[in-house]
Amino acid sequence: MYQLIRHLWGSLKESIRDLTPIIIVIAFFQLVVLQQPIPDLLGLVTGTVLVVVGLTLFVHGLKIGLFPIGESMAHDFARKGSVFWLLTFAFALGFGTTVAEPALIAIAKEAANIAATGGMIEQSDRARNDYADGLRLTVALSVGAAIVLGVLRIIKGWPVQYLILGGYIGVVIMTMFAPPEIIGIAYVSGGVTTSTITVPLVTALGVGLATSIRGRNPMTDGFGLIAFASLTPMIFVMGYGMLL
Amino acid sequence: MGGITSFLQTLLSTVQDVLPIATILFGFQFIVLRKGIKNPGQILLGFVLVLFGLAFFLQGLEQALFPLGKLMAEQLTAPEFLGISETANTAGENWHHYLWVYLFAFTIGFSTTIAEPSLIAVAIKANQVSGGAVGIWGLRIAVAIGVAFGIALGAYRIVSGTPLHYYIISGYIVVIIQTLYCPKQIIALAYDSGGVTTSTVTVPLVAALGLGLSSNIPGRNPLLDGFGLIAFASLFPIMSVMGYAQLSEWFAKRHSHKQAHRPGE
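Residues numbered from 1 in each chain as written. Chains lettered and ligands numbered in written order. Predicted model: local features only at pLDDT ≥ 70, side-chain atom pairs only at ≥ 80, totals over all residues. Heavy atoms only, no water.

**Points about helix α9 (residues 225-243) of chain A**
With 19 residues, α9(A) should cover 27 Å at 1.5 Å per step; its first-to-last C-alpha distance of 27 Å lies within 8% of that length. Counting buried positions along α9(A) gives 15 out of 19 residues, so the element sits mostly inside the fold. (Helix = DSSP H or I, 4+ residues; strand = E, 2+ residues; numbered from the N terminus. Expected span 1.5 Å × (residues − 1). Buried < 20%, exposed > 50% of the residue type's maximum accessible area, 1.4 Å probe, protein only.)

**As for the packing of aromatic side chains**
Summed over the entire model, instances satisfying the criterion amount to 20 aromatic pairs over all chains. Taken together, a centroid distance of 5.0 Å and an interplanar angle of 75 degrees make the contact between F29(A) and F104(B) edge-to-face. With F29(A) in helix α1 (residues 2-33) and F104(B) in helix α4 (residues 99-114), this pair bridges two chains. With relative accessibility at 1%, the residue F29(A) sits in the buried group. Plain terms: the ring middles of Y131(A) and Y240(A) are 5.7 Å apart, the flat faces sit at 50 degrees to each other, and that makes the pair tilted. On the criterion of sequence distance, the pair formed by Y131(A) in helix α5 (residues 125-156) and Y240(A) in helix α9 is long-range, its members being 109 residues apart. Both residues of the pair, Y131(A) and Y240(A), count as buried. An aromatic cluster of at least three residues, connected via ring pairs, comprises F77(A), F84(A), W85(A), F89(A) and F28(B). Note that R140(B) overlies the ring of W137(B), its terminal NZ or CZ placed 4.4 Å from the centroid. (Phe/Tyr/Trp six-rings, centres within 6.5 Å; stacked < 30°, edge-to-face > 60°. Lys NZ or Arg CZ within 6 Å of the ring centre and 35° of its normal.)

**A short note on unusual backbone geometry**
Positioned with a positive phi, Q35(A) is a non-glycine residue whose angle comes to about 50 degrees. Tracing the sequence through the fold places Q35(A) in the loop between α1 and α2 (41-80).

**A closer look at the confidence of the model for chain A**
Residues with a pLDDT of 70 or more make up 100% of chain A, whose mean pLDDT is 87. At the low end of the mean pLDDT range in chain A sits helix α7 (residues 180-192) of chain A, at 77; at the high end sits α5(A), at 92. (pLDDT = per-residue confidence, 0-100.)

**Section: the nonpolar core**
Considering soluble globular proteins, one finds that nonpolar side chains tend to be buried as a cluster. With 162 residues, the main nonpolar core has I69(A), F89(A), V151(A), L25(B), F47(B), L189(B) and Y191(B) as its most contacted residues. Here this core gets 14 residues from one element, more than from any other, and that element is helix α2 (residues 40-77) of chain B. Two domains each provide a minimum of three residues to this core, namely domain 1 (1-76) and domain 2 (91-265) of chain B. What Y191(B) contacts, discounting residues up to four positions off in sequence, is V160(A), Q161(A), I164(A), L165(A), A227(A), V175(B), T179(B), I238(B) and M242(B). With five residues, the next largest nonpolar core counts L4(A), L8(A), I64(A) and L49(B) among its residues. (Core = buried A, V, L, I, M, F, W, Y, C linked by side-chain atoms within 4.5 Å. Domains from an automatic or database assignment. Contact = heavy atoms within 4.5 Å.)

Here it is in structure tokens:
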């Protein structure tokens, strides 16, 4: 318990340092550029304290919880030696963390409204819900596929750049053919899939695998899973827009 | 009282976020791997800390930083503040009136990225894995500069009305060229840093800036332009991280070059 408190105290100081830039920027623009008083100072101070405390707890929980479990599972899967189960796990992790992501649910709803006003789908609640669910499922499938591809790449030792650059070319080509309404949503869905809990877990998984598999370098091979997870949704969502 | 209810709501949505992940992890751990976990108490404590930490963090952002940041984005982009007439359809020629907006875009992009929890996670891991060669702060600052530059340029793009895809395609070309010449160890990490930046802290503030800008300039599409800024925020860190690696390699080379010559002098 004593050790926990000492660690937390150390990371509390780091969190304060992490948040100082935002506070300076907001204070400077509010007081110097816009020359306006700060509204609701008390709420601002308590909110900032919450942010600092939250960041401290999160970073510590990351170090003692998410990182160790991600790495130990990667290690165990590598020792078990079953590619099938590893890839199943990779898909479940990508799909499962994305399908329930609150940011994605919000964006899917927004996208359905745009599609309805743009005349792509019928102006009814049912059509809108179907469209939003389809979009969510598409994004979750694409993230599952991304993690599977990324893990396969680590196992095989394929260089990351060819796959990513190939993906970029895919995005550029699809952008030319996809209906304009879907393009913005496709680009933003690549960003929302990588949530604050998914990123550390997926990173630990990749690095753990690259450390456990002989001949792989954790630096060159361990990273890259997040890049896949933010690239494939763009391609899949534009495909979804073109099919409908 | 209202604060507590809204905190409970945030906590609930965080639980919704964590629960499927925990189910998958522990399900595979016990059913497929059939192994106990080392230090189960500590892992569990870690999950609880992550859960509460994230809930506090989001609640604090919603309560303090987001409302003020969004209000500022609106005020800074209002025609009265910029000193241009509202009916002018010549925003493209008025681009220099927006200097404060670009500065705001740059600084808010930089500072929110420094506070981004997923970037902290990736930086800690990269530092461990590289044996200290990639500094935690070095990486975070490199990514933050990339985001700052991307958002400032994105704001200029909205003001000037140039098409988004010109920028994105030339950005990709620069990324391809850099990939050919930068140290191989950094490539995967650089690509990853594009994905981690568009997360909890950055997106709401940047989206508000995009919305403010495009709804005050006639002929802009608020939805598309907001998304455009986020696309920029994930493209430019890839370049800045590869640039950071290229610079450190160059400095290291020059340094060792000097040292190699010293005994002969």
